[in-house]
Amino acid sequence: MEIPPALHMNKGDGENSYAKNSQVQRMIISKGKTMLEEAVEQMLSCSSMIPEVMEIADLGCSSGPNTLTVISEIINVIHATCRNRGRPSPELRISLNDLPTNDFNYIFASQLPSFYKELEVKGSCFVSGIAGSFYGRLFPRKCLHFVHSSSSLHWLSQVPASLESNEVVNKGKLYISKSSPECVLEAYSVQFQKDFSTFLKSRSEELVHGGRMFLSFMGRRCSDPTTEESCYQWELLAQALMTMAREGIIEKEKIDSLNVPYYAPSIKELKLEIEKEGSFVINEVEALEIDWDGGSNHNEEFIQRGERVANTIRAVVESMLESHFGEHIMDELFERYAQLVGDYLSNNSTKYINFLLSLVRNHI
Ligand code: SAH
């Protein structure tokens, strides 16, 4: 089975777009900046010769200000390192990857021209788009030097197949929940293992030996996948939908039949898959705590914080929910969600956990 075609971030730069509502993901990028820079520097210092051409890929690039921010950070480190070593900078081939439904036009028409204009070394960097799933090969063998991916690998390649059968096993929920039966937890974990090892295997074939990956994605600190830090944003979204079902606005069966292709793994699950797959060594791993609303202003009323969280989630999941429930309930749904999130935040300080993971392609 494939990724539901409806999974794409909200397009363009309108009010509900990902471009305008991705401050939380931006914060994750900025908190990972030092570790990203170190990974690039280490890659350059480990290779005895800086190649004439370096290939860099951003997987799950989406469209919005975050996309080229990360690329600029990587380029700046490469230029600075080469300057310090008195070497000419390599030419850079940059591949921006996402699913075919991503708004690539927005990047290429609205953002790339100014990116090229601001380049320190003009004419030395060539950006292209690669549409396809990162759960499979995207590039020729041994051509990539550096892979980056932020806020993307918590998306699975599909909803676990056993949850798609006719028998409803995860009633009234969209993801793992305290009330989900054990088989739901198991199905998600197995799907993650399969997907993450496919991801590692595909990249191991594409990266040169000594090549590096810097990945960030949602996870959890404890082994229990029903812990609030790993799933409560989905719990509240399911609650918002259930209030609408109780009022007859949508059918409850529609909620029962929807599960999201998402998983927040534990550090143990991650390490196990990396070890089992065997092509990468962990250079560094860190767990960040991220406020649900990006933490920009804690003096705000809880309802405003709830609205910001709802806008962030809307930009990410609206396409999926819209194709399942219809466009007409979206405004109402996210108003209810904002209210529930605001109430929840007034009594709880749950945060997202985001892993930063720096990996090296080993020489075996
Ligand atoms: N990296 C950006 C965007 C993160 S949003 C940032 O940090 O802001 C997550 C992106 O991952 C979405 O654009 C989504 O379409 C993409 N994505 C999810 N599954 C994918 C897959 N299997 N292959 C490629 N891209 C995927």
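Residues numbered from 1 in each chain as written. Predicted model: local features only at pLDDT ≥ 70, side-chain atom pairs only at ≥ 80, totals over all residues. Heavy atoms only, no water.

Right, let's get into the overall build of the protein chain. When helices and strands are counted, the protein chain shows 10 helices and seven strands. In terms of overall dimensions, the protein chain is globule-like: its C-alpha atoms have a radius of gyration of 21 Å, near the 21 Å expected for 364 residues. When the backbone C-alpha atoms are referred to their principal axes, the protein chain occupies close to 70 × 40 × 35 Å. A burial count over the protein chain gives 58% of its 364 residues as buried. A separation threshold of at least 6 residues defines the contact pool for the protein chain, and within that pool the share at least 24 residues apart is 84%. In the form shown here, the protein chain has an accessible surface area of approximately 15600 Å², with 50% of it arising from carbon and sulfur atoms. In the protein chain, the 35 positive side-chain charges and the 49 negative ones have mean positions that sit 6 Å from each other. (Helix = DSSP H or I, 4+ residues; strand = E, 2+ residues; numbered from the N terminus. Rg over C-alpha atoms; globule rule 2.2 N^0.38 Å. Buried < 20%, exposed > 50% of the residue type's maximum accessible area, 1.4 Å probe, protein only. Contact = heavy atoms within 4.5 Å. Areas by Shrake-Rupley, 256 points an atom, 1.4 Å probe, with all protein chains shown as cover. Lys, Arg positive; Asp, Glu negative; His and termini not counted. Charge placed at Lys NZ, Arg CZ, Asp CG, Glu CD.)

In terms of nonpolar packing, the biggest core is built from 116 residues, with Tyr-175, Phe-196, Phe-199, Leu-237 and Val-317 touching the most fellow members. In terms of residue count, the dominant contributor to this core is helix H6 (residues 228–246) (11 residues). With near-sequence residues (within four places) excluded, Phe-199 lies in contact with Leu-59, Phe-134, Tyr-135, Leu-153, Met-213 and Leu-215. (Core = buried A, V, L, I, M, F, W, Y, C linked by side-chain atoms within 4.5 Å.)

Our next topic: the sheet that holds strand S5 (residues 207–219). The strand order across the open sheet built from seven strands is S3-S2-S1-S4-S5-S7-S6, with neighbouring strands paired in mixed fashion. The open sheet terminates on both sides in strands that have one partner only, identified here as strand S3 (125–131) and strand S6 (280–291). With direction set aside, neighbouring strand axes in the sheet form an average angle of 15 degrees. The sheet contact formed by strand S2 (residues 91–98) and S3 spans seven bridges and is parallel. Of the residues in S3, the one forming a bridge with Asn-97 is Ile-130. Contacting strand S1 (53–59), strand S4 (144–150), S5, S6 and strand S7 (351–361), helix H2 (residues 33–46) crosses the sheet at an angle of about 170 degrees to S5. Against the sheet, helix H3 (residues 65–84) contacts S1, S2, S3 and S4, and its axis sits at roughly 155 degrees relative to S2. (Pairing = 2+ DSSP bridges. Axes fitted to C-alpha atoms, helices over the stretch in contact; angles between N-to-C directions.)

Our next topic: the site of the ligand. Within the structure, the ligand sits among 20 residues, and Tyr-18, Gly-60, Asn-66, Asp-98 and Ser-150 are positioned closest to it. Contact between the ligand and Tyr-18: an oxygen atom at 2.6 Å from a side-chain N or O atom of the residue. Here Ser-62 contributes a side-chain N or O atom positioned 3.5 Å from an oxygen atom of the ligand. The fraction of the free accessible surface of the ligand (570 Å²) that becomes covered by protein chains is 99%. Secondary structure elements with two or more residues in the shell around the ligand: helix H1 (23–31) and S2. Here the residues of the shell around the ligand sort into nine nonpolar, 10 polar and one charged. (Near = heavy atom within 4 Å. Polar contact = N/O pair within 3.5 Å; in protein donor to acceptor, adjacent residues only side chain to side chain. Nonpolar A, V, L, I, M, F, W, Y, C, P; charged D, E, K, R; others polar.)

Our focus in this paragraph is the pattern of salt bridges. This model, assessed by the stated rule, comprises 20 salt bridges. Of the charged contacts in the structure, one is a salt bridge between Arg-221 and Glu-229, with a shortest N-O distance of 2.8 Å. Residue Arg-221 is classed as partly exposed on the basis of its relative accessible area of 46%. Here Arg-336 and Glu-332 are joined by a salt bridge, their closest N and O atoms 2.7 Å apart. With Arg-336 and Glu-332 both in helix H10 (residues 330–347) and four residues apart, the pair spans about one turn of that helix. The network of salt bridges with common partners includes Arg-137, Lys-201, Arg-203, Glu-205 and Glu-206. (Salt bridge = Lys/Arg side-chain N within 4 Å of Asp/Glu carboxyl O.)

Two elements in contact, H6 and H10, have axes whose closest approach is 9 Å; the angle formed by their N-to-C orientations is 130 degrees. Taken together, the axes of H6 and H10 are oblique relative to one another. Judged by the sense of rotation from one axis to the other, the crossing of H6 with H10 is right-handed. Residues Glu-228, Tyr-232, Gln-233, Leu-236, Leu-237, Gln-239, Ala-240, Leu-241, Thr-243 and Met-244 of H6 form the contact with H10, whose participating residues are Glu-332, Leu-333, Phe-334, Arg-336, Tyr-337, Leu-340, Val-341 and Tyr-344. (Parallel < 35°, antiparallel > 145°, perpendicular 65-115°, else oblique. Left-handed = near helix turned anticlockwise from the far one by under 90°.)

With 15 of 19 residues buried, H6 lies mostly within the body of the structure. Two residues or fewer after H6 comes Gly-248, characterised by a positive phi angle close to 75 degrees.

This part is about the packing of aromatic side chains. As enumerated under the stated definition, the model contains 19 aromatic pairs in all. Their ring planes at 15 degrees and their centres at 5.3 Å tell us that Phe-192 and Phe-196 sit as a pair that is stacked. Of the two residues, Phe-192 and Phe-196 both sit in helix H5 (residues 182–206), four residues apart, roughly one turn of that helix. Residue Phe-192 is classed as buried on the basis of its relative accessible area of 3%. Seen from the ring of Phe-199, Arg-203 lies directly overhead, with NZ or CZ sitting 5.0 Å from the centre. (Phe/Tyr/Trp six-rings, centres within 6.5 Å; stacked < 30°, edge-to-face > 60°. Lys NZ or Arg CZ within 6 Å of the ring centre and 35° of its normal.)

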